[in-house]
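Geometric and topological summary
Residues per chain, in single letters:
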Amino acid sequence: RKEVEQDPGPFNVPEGATVAFNCTYSNSASQSFFWYRQDCRKEPKLLMSVYSSGNEDGRFTAQLNRASQYISLLIRDSKLSDSATYLCVVNPNQGGKLIFGQGTELSVKP
Amino acid sequence: DGGITQSPKYLFRKEGQNVTLSCEQNLNHDAMYWYRQDPGQGLRLIYYSQIVNDFQKGDIAEGYSVSREKKESFPLTVTSAQKNPTAFYLCASSIERVDQPQHFGDGTRLSIL
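Remember, it's a predicted structure, so these values are computed and weren't measured experimentally.

Within a regular strand, side chains alternate between the sheet's two faces. All names here are of chain B. Alternating residues of strand β1 (residues 4-7) divide into Ile4 and Gln6, all buried, and Thr5 and Ser7, none buried. Both β1 and strand β3 (residues 19-25) contribute to a ladder of four bridges, which runs antiparallel. Looking at the pairing, Gln6 lines up with Cys23 of β3.

Right, here's the structure in full:
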C-alpha cells in the first residue's frame, strides 16, 4: 500500500462545477497535512494546510478525518484557472520528511 | 524578496559527467530538501538536511551527493553513477517544525546529451 494515495485523474469538469478530491494515508502517526497545486512544468505551490477542524479559504475547503486517515479538498465554482495537478502531502513526523501523493489532474473546461 | 533560487533552469549532461545544481534560500529556514520528479510521477526525496553540516539520504540517494556548508545553500551533484538523470529537480526549504509546509524553488530540468 502506498503511503499516500490519491484519486486517479484526470477530472474533467465544466466551469462552475464543484469537484472533490480524496486522499488516504497509511501512517496513523502523521502529524500535519497539506494540499499543493502544481501547474504543468512548474514547481508545487502550497494551496492550504489541513487542520483537524477543517478549514476553508474562499472556494476551497479542506477536511481531515484522522479516524479514517482520509483528507479531502473541495473546490466550488470551478474556474478555468483551477486547471492544475493537486498534490496531497502528509508529514509522517519522521525527521521533517514530507510524503507526496501522485497528484490528481484537474481540467476545467469552458 | 524572500525565496528559494535554483539555477540553472535547464542543464544538459554528457555521459560520464558530474553536474551540480544550485539551491539558495534567504528565508532563514533550517531545513532544505532535494526532490526528483519524472513525467507524470510524484515527487521523490533524494536528500535532506535539517541543520548545517548534516544531511540524510532520502528514498533515492544513489548516484547523488550533497553538501550543507552554509544555512542558505544546499547544492546537489548528479554524478556519473546516476544512469538515468533526466528529470525535473526541485529544491525546497522549511522551518523545522512538524506543522510547517515546504516551499519550493522553480526547479532545474536536467537532460542527457
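That was the structure; now back to the text.
Residue and element names in this part refer to chain A. Applying the stated criterion to the full structure yields eight salt bridges over all chains. The salt bridge involving Arg76 is made with Glu56; its shortest N-O contact spans 3.6 Å. In this pair, Arg76 is assigned in the loop between β8 (70-75) and β9 (84-91) and Glu56 in strand β6 (residues 55-57), connecting sequence segments 20 residues apart. A salt bridge links Asp77 to Lys79; the shortest N-O distance between them is 2.9 Å. For Asp77, a relative accessible area of 38% corresponds to the partly exposed category. Residue Lys79 is classed as partly exposed on the basis of its relative accessible area of 33%.

This paragraph deals with unusual backbone geometry. Cis geometry marks the peptide bond from Ser7 of chain B to Pro8 of chain B; its omega dihedral reads -10°. You can see Pro8 of chain B is positioned in the loop between β1 and β2 (10-13). Although it is not a glycine, Arg41 of chain A sits at a positive phi angle of roughly 65°. Among the secondary structure elements, Arg41 of chain A is positioned in the loop between β4 (32-38) and β5 (44-50). Positive phi values are uncommon outside glycine, yet Asn28 of chain B reaches one of about 60°. Topologically, Asn28 of chain B is positioned in the loop between β3 and β4 (31-37). Residue Asn28 of chain B is classed as exposed on the basis of its relative accessible area, which comes to 57%.

With that settled, consider the packing of aromatic side chains. According to the stated counting rule, one finds twelve aromatic pairs over all chains in the structure shown. Ring pairing ties together the aromatic residues Tyr36 and Phe100 of chain A together with Tyr33, Tyr35, Tyr48 and Phe104 of chain B, which thus form one cluster. The aromatic ring of Phe74 of chain B is capped on one face by Arg68 of chain B, whose charged end is 6.0 Å from the ring centroid. The ring of Phe88 of chain B carries the charged tip of Arg109 of chain B above its face, separated from the ring centre by 4.0 Å.

The next subject is the interface of chain B and chain A. Taken together, the contacts link 22 residues of chain B with 21 residues of chain A. Roughly 1700 Å² is buried in total at the junction of chain B and chain A, and carbon and sulfur atoms are behind 54% of that figure. Between the two partners, chain B and chain A, sit zero salt bridges. Looking at the side of chain B that touches chain A, the elements that each hand over two or more residues are β4, β5 (43-51) and β9 (87-94) of chain B. Of the residues that constitute the side of chain B that touches chain A, the class distribution is ten nonpolar, seven polar and five charged.

All names here are of chain A. The final tally for this structure, using the stated rule, is two disulfides over all chains. Between the sulfur atoms of Cys23 and its disulfide mate Cys88 the distance is 2.0 Å. Taking the sign of the S-S torsion, about -75° here, the bridge from Cys23 to Cys88 comes out left-handed. Taken as a pair, Cys23 in strand β3 (residues 19-25) and Cys88 in strand β9 lie far apart in primary sequence, 65 residues in all. Note on accessibility: Cys23 and Cys88 belong to one class, buried.

Reading the values: rules and limits
Residues numbered from 1 in each chain as written. Chains lettered and ligands numbered in written order. Predicted model: local features only at pLDDT ≥ 70, side-chain atom pairs only at ≥ 80, totals over all residues. Heavy atoms only, no water. Buried < 20%, exposed > 50% of the residue type's maximum accessible area, 1.4 Å probe, protein only. Helix = DSSP H or I, 4+ residues; strand = E, 2+ residues; numbered from the N terminus. Pairing = 2+ DSSP bridges. Salt bridge = Lys/Arg side-chain N within 4 Å of Asp/Glu carboxyl O. Phe/Tyr/Trp six-rings, centres within 6.5 Å; stacked < 30°, edge-to-face > 60°. Lys NZ or Arg CZ within 6 Å of the ring centre and 35° of its normal. Contact = heavy atoms within 4.5 Å. Buried area = accessible area lost by both parts, 1.4 Å probe. Nonpolar A, V, L, I, M, F, W, Y, C, P; charged D, E, K, R; others polar. Disulfide = S-S within 2.5 Å.

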